[in-house]
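# Close look at the chain arrangement
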Amino acid sequence: MTAPTSPQVEVLPTADAAIPILLGELRAALVRRPRPLIGFATGGTFTAFFAALAAEFAAQRLRGSDFVATHLDEYAGFDAARRGGMVHELVTHCAGFGEMLRSGAFLPVPGSEAGLAAHEAAIAACGGVELQFLGIGRNGHIAFNEPGTPFERGFHATTLAASTRDDARPRFLPEEPPRQAITSGIATILAARRVVLCAFGRGKAPAVAAMLRGAVNATCPASAIRRHANAVVLLDNEAAGDLRAQASAQS
Ligand code: F6R
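Because the structure is a prediction, the values reported are computed rather than measured. Along each chain, residue indices are assigned from 1 in the same order as the chain's sequence is written. Restriction of local features to residues with pLDDT of at least 70 applies here, the model being predicted, together with a cutoff of 80 or more for giving and counting side-chain atom pairs; totals for whole chains, interfaces and linings are based on all residues. Only heavy atoms go into the side-chain values, all of them from the structure, while hydrogens and water stay out.

### Some details on the sheet that holds strand E10 (residues 231-236)
The strand order across the open sheet built from 7 strands is E1-E10-E9-E6-E2-E3-E5, with neighbouring strands paired in parallel fashion. Since the sheet does not close on itself, it has two edges, and those belong to strand E1 (8-12) and strand E5 (106-107), each with one partner. Where E1 and E10 come together, 5 bridges link them in parallel fashion. Paired with Glu 10 across the strands is Leu 234, a residue of E10. In this description, contact between two residues means that some pair of their heavy atoms is separated by no more than 4.5 Å. Only the stretch in contact is used when a helix axis is fitted, and all axes are lines through C-alpha atoms; the angle between N-to-C directions ranges over 0 to 180 degrees. A run of H or I in DSSP counts as a helix once it spans at least four residues, and a run of E counts as a strand once it spans at least two, with each numbered from the N terminus. Packed onto the sheet, helix H8 (residues 205-213) meets E1, strand E9 (194-199) and E10 and runs at close to 150° relative to E10. At least two DSSP bridges between two strands are needed for those strands to be called paired.

### Here's the deal with the site of the ligand
In the vicinity of the ligand lie 13 residues, with Thr 42, Thr 45, Asp 73, His 141 and Lys 204 positioned nearest. A distance of 2.7 Å separates an oxygen atom of the ligand from a polar atom in the side chain of Lys 204. The protein chains shown are the only cover counted for residues, whose accessible areas, like all others here, come from Shrake-Rupley with a 1.4 Å probe. Its free accessible area being 410 Å², the ligand has 83% of it covered by the protein chains. Side-chain classes follow a simple rule in which Ala, Val, Leu, Ile, Met, Phe, Trp, Tyr, Cys and Pro form the nonpolar group, Asp, Glu, Lys and Arg form the charged group, and the remainder, Gly included, forms the polar group. Classifying every residue of the shell around the ligand by side-chain character gives 4 nonpolar, 7 polar and 2 charged. Here, proximity means that at least one heavy atom of the residue falls within 4 Å of the molecule or strand. N or O atoms closer than or at 3.5 Å make up a polar contact, with two conditions inside protein: a donor-capable atom paired with an acceptor-capable one, and, for residues adjacent in sequence, both atoms drawn from side chains.

### As for the packing of helix H3 (residues 86-93) against helix H4 (residues 95-103)
In contact at an axis separation of 4 Å, H3 and H4 are set at 120° when each is read in the N-to-C sense. In terms of their interaxial angle, H3 and H4 are classed as oblique. Contacts between H3 and H4 involve Val 87, Leu 90, Val 91 and His 93 on the former and, on the latter, Ala 95, Phe 97, Gly 98 and Leu 101. Within the contact of H3 with H4, the residues separate by chemical class into 6 nonpolar, 2 polar and no charged. Any angle that falls under 35 degrees is termed roughly parallel, while one over 145 is termed roughly antiparallel, one within 65 to 115 roughly perpendicular, and all others oblique.

### Topic: the side chain of Thr 149
Of note, Thr 149 is situated in the loop between strand E6 (129-134) and strand E7 (156-159). Overall, the relative accessible area of 8% leaves Thr 149 in the buried class. A distance of 2.6 Å separates a polar atom in the side chain of Thr 149 from the backbone oxygen of Glu 146. Setting aside its immediate chain neighbours within four residues, Thr 149 contacts His 156 and Ala 218. We call a residue buried when its accessible area falls under 20% of the maximum for its residue type, exposed when it is over 50%, and partly exposed in between, using a 1.4 Å probe and counting protein chains only.

### Some words on H3
Turning to H3, its buried residues number three or more, namely Met 86, Val 87, Glu 89 and Leu 90. For H3, the angular spread of the buried residues around the axis is 160°, confining them to a single face. Starting at the helix axis, one direction is taken to each C-beta atom, and the arc is that of these directions.

### Here's the deal with the pairing of E9
Of all 6 residues that make up E9, 6 are buried, and the element is covered over most of its length. Relative to E9, E6 runs parallel, the two being bridged by 4 bridges. Bridging from a neighbouring strand, Gln 132 pairs with Val 195 of E9. Bridge count for E9 against E10 is 5 bridges, and the pairing is parallel. Bridging from a neighbouring strand, Ala 199 pairs with Leu 235 of E10. Where the polypeptide runs from E9 across H8 and back to E10, its parallel neighbour, the crossover connection is right-handed. A clockwise path from the first strand over the helix to the second, with the strands pointing away from the viewer, defines a right-handed crossover.

### With respect to the pattern of salt bridges
The rule for a salt bridge is simple: a side-chain nitrogen of Lys or Arg has to be within 4 Å of a carboxyl oxygen of Asp or Glu. Scanning the entire structure with this criterion turns up 11 salt bridges. Residue Glu 56 pairs with Arg 61 through a salt bridge whose shortest N-O separation is 3.0 Å. According to the relative accessible area criterion, Glu 56 is buried, its value standing at 10%. By relative accessible area, Arg 61 is classed as partly exposed at 48%. The salt bridge involving Arg 169 is made with Glu 176; its shortest N-O contact spans 3.0 Å. Among the charged side chains, a salt-bridge network with shared partners connects Arg 165, Asp 166, Arg 169 and Glu 176.

### Points about the pairing of E10
Every other side chain in a regular strand lies on the same face of the sheet, so the side chains alternate between the two faces. Within E10, 6 of the 6 residues are buried, which leaves the element mostly enclosed by the surrounding structure. Of the two faces of E10, the one lined by Ala 231, Val 233 and Leu 235 and the one lined by Val 232, Leu 234 and Asp 236 are each fully buried.

### A few points about the side chain of Asp 73
Positionally, Asp 73 belongs in strand E4 (residues 73-75). Here Asp 73 occupies a buried position and makes no salt bridge, while the nearest side chain of opposite charge, Arg 171, is found at 7.9 Å. From its side chain, Asp 73 meets the backbone nitrogen of Phe 144 in a polar contact 3.4 Å long. We count Lys and Arg on the positive side and Asp and Glu on the negative side, and we leave His and both chain ends out.

### Brief notes about the environment of Ala 181
Considering the arrangement of structural elements, one finds Ala 181 in strand E8 (residues 180-183). Residue class for Ala 181 comes out buried when judged on its relative accessible area of 1%. Spatially, the C-alpha atoms of Ala 181 and Arg 153 are 15 Å apart, while their sequence positions differ by 28 residues. Discounting chain neighbours no more than four positions away, the residues touching Ala 181 are Glu 74, Tyr 75, Ala 76, Phe 144, His 156, Ala 157, Thr 158 and Leu 160.

Just distances and angles here, no functional claims.
What follows is the structure in structure tokens.
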């Protein structure tokens, strides 16, 4: 029997087609392990998924006691209530996360390095991350591991790349986006038992090709996913565009 290849890559007709798959991944994690720790990514890639999760909570098909939630990163100096921050985004899009935060079933990434040891200990106390959702930046970052970040790092403070700040600018207007963040490291991400990375839209196509076909090294942090034994990459047609172009140039 041949071992399944990882990452498995699925090209979907639209980004919306990912939503039932993402809900299915969450449900499968709940079956594998009682009250698993689920790591969410923030950003536009997952906005529709958060709306779907909110509907699941509202219909009581999902409860805050089913799992423990955490996320990948937070802007430096931000607390859970601050607009533009990651926790604020999560609870705004899905009220269920807000209830989990109040009941202690949501582990927010601290806005400073001071809280990181306690955060990592809280993750370990949950038995580690069972399922990690990931997006990808145009520059190939995952979480806020910008190009050049060694794969061996755990949670750390980081300086955001110019393209990352450009992409974040609309959510902070009229202010400038932050320069620093606290992020999960690639070692932490690779320790999750299941990883699901989503990339949608033409703007992600070069990063997707670098992740899946380029060298596995820190130049493209997302290429680390090729070192994970149980990962899936969900793309829409546009994000898969450069992969297809490379394949047809080679044939
Ligand atoms: C955010 C995060 C980032 C985003 C990435 C894509 O928590 O981890 O790596 O996933 O920047 O962002 P969007 O989805 O806005 O294109």
